[in-house]
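Survey of secondary and tertiary structure
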Amino acid sequence: MIVVHTIDALREALTPHASPAFVPTMGNLHNGHIDLVRHATTLGDVTVASIFVNRLQFAPHEDFDTYPRTLAADCERLAAAGCNVVFAPSETDLYPVPQTFKVQPPTALADILEGHFRPGFFTGVCTVVMKLFQCVFAQAKGPRYAVFGQKDYQQLMVIRNMVKQFALPVSVVGCPTHRAEDGLALSSRNGYLSAEQRQEAVALSRALRALADAARPVLASSAAPADVARALAALELAACQALDARGWQTDYLTVRRRADLQTPQVGDELVVLAASRLGNTRLIDNMEC
Ligand code: PAF
């Protein structure tokens, strides 16, 4: 495995390869990332991971400065997982001049849920992902693969839509969320939790499951659309209140249509999604149901 820091060095390393499989990350890798890398090794003729904490997707009050940077440990894990090339640019390597050209995702998809509570987040994500795709895939002649986790459900959907609308020659591959034994979705931010908070954190996936169980009969009924919407809103409110009563501060805990993350109607395929803060740590999770 080689580690490169500049776009030129990355392109040189990838010159002999027709078909990269790429896993973009912000580092501080856990087993969920390693699943993505292992899956990527089955797809292309070279496996590339990027490690870059992307300032563009953090609001000023968020954890950009404290986000753990663990390059040496990450590289060990990536090598063991079968990664061939790590791209770990500095900010000036990737953004030598301020990145004033940006990718603006549509508000209907990007200003709801995560985008509502983190304004500009998906613009930052799309901009860096588009740029990383240019760095990794520009010279490829064969199929190009990009692997993302379903834990960031809305992110995966935004990126799939971006790839489609820009006709990028990239297959976006989603991989299932890796959960700890108690059901907590693995996340780099779990490392911020105290031992006590780590025990409590399982309540988030339980809340998702409980809301899914409560919502399914409503969506399987023959109720009118307005009644469905009213019943779901009541269930969501009760679910948020129950979680907050345990000491969480919930941004959203909601049932949506899988296709576009809007309010579902009878017959739609469903996903439940949540973002909630435990102490200073904001966790997200989702479940298709
Ligand atoms: O999911 C992440 O870690 C980031 O949003 C990504 C896709 C690497 C872009 O910075």
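Our structure's up above, just so we're on the same page.
Residues numbered from 1 in each chain as written. Predicted model: local features only at pLDDT ≥ 70, side-chain atom pairs only at ≥ 80, totals over all residues. Heavy atoms only, no water.

**Brief notes about the overall build of the chain**
Cut-off, in case you're wondering: Every helix listed is a DSSP run of H or I at least four residues long, and every strand listed is a run of E at least two residues long, numbered separately from the N terminus. For a compact globule the rule gives 2.2 Å times the number of residues to the power 0.38, and the radius of gyration it is set against comes from C-alpha atoms. Relative accessible area decides the class of each residue, using a 1.4 Å probe on protein chains only: under 20% of the type maximum gives buried, over 50% gives exposed, and in between gives partly exposed. In this description, contact between two residues means that some pair of their heavy atoms is separated by no more than 4.5 Å. Using a 1.4 Å probe, the Shrake-Rupley method yields the accessible areas, and only the shown protein chains count as cover for residues.
Scanning the chain for helices and strands turns up eleven helices and nine strands. For a compact globule of 289 residues, the expected C-alpha radius of gyration is about 19 Å, and the chain comes in at 20 Å, within 12% of that figure. Principal axes of the C-alpha set define a box for the chain whose edges measure 60 × 40 × 35 Å. Split into buried and exposed, the 289 residues of the chain put 52% on the buried side. Long-range contacts, defined here as pairs at least 24 residues apart, represent 73% of the contacts in the chain between residues at least 6 apart. Carbon and sulfur atoms form 54% of the exposed surface of the chain, whose accessible area is close to 13400 Å².

**Here's the deal with the site of the ligand**
As a reminder, the rule being used: Only a single heavy atom is needed: when it lies within 4 Å of a molecule or strand, its residue is near that molecule or strand. For the purposes of these results, a polar contact is taken to be a pair of N or O atoms within 3.5 Å, where, inside protein, one atom must be able to donate a hydrogen and its partner to accept one; residues adjacent in sequence count only when each atom of the pair is a side-chain atom.
Every residue near the ligand is listed here: Pro24, Thr25, Met26, Asn54, Gln57, Val125, Val128, Phe148, Asp152 and Gln155. At 2.7 Å, a side-chain N or O of Gln57 approaches an oxygen atom of the ligand. Contact distances for the ligand include 2.7 Å between an oxygen atom and a side-chain N or O atom of Gln155. Protein chains shield 89% of the accessible area of the ligand, which is 290 Å² for the free molecule. Looking at the shell around the ligand, the elements that each hand over two or more residues are strand S2 (20–25) and helix H7 (121–137).

**Observations regarding the pairing of strand S8 (residues 270–278)**
Every regular strand shows the same layout, with side chains that alternate between the two sheet faces. Heads up, the rule is: Strand pairing is assigned whenever DSSP detects at least two bridges linking the two strands.
With eight of nine residues buried, S8 is to be regarded as a mostly interior element. Sheet topology places strand S7 (residues 248–257) next to S8; nine bridges connect them, and they run antiparallel. Along S8, the bridge assignment pairs Gln249 with Arg277. Between the end of S8 and the start of strand S9 (residues 281–288), which pair antiparallel, lie two residues, with Gly279 showing a positive phi angle near 60 degrees.

**Section: the nonpolar core**
Spelled out, the test is: In this description, a nonpolar core means a group of buried Ala, Val, Leu, Ile, Met, Phe, Trp, Tyr and Cys residues linked to one another through side-chain atoms lying within 4.5 Å.
In terms of nonpolar packing, the biggest core is built from 47 residues, with Leu10, Leu94, Phe133 and Leu261 touching the most fellow members. Mapped by element, the contributors of at least two residues to this core are helix H1 (7–14), strand S3 (46–51), strand S4 (85–87), helix H5 (107–110), H7, strand S5 (145–149), helix H8 (153–165) and S8. Ranked by the residues each element gives to this core, the list is headed by H7, at twelve residues. Every residue in contact with Phe133, bar those within four places of it in the chain, is listed here: Phe22, Ala138, Ala146, Phe148, Val163, Leu168 and Val170.

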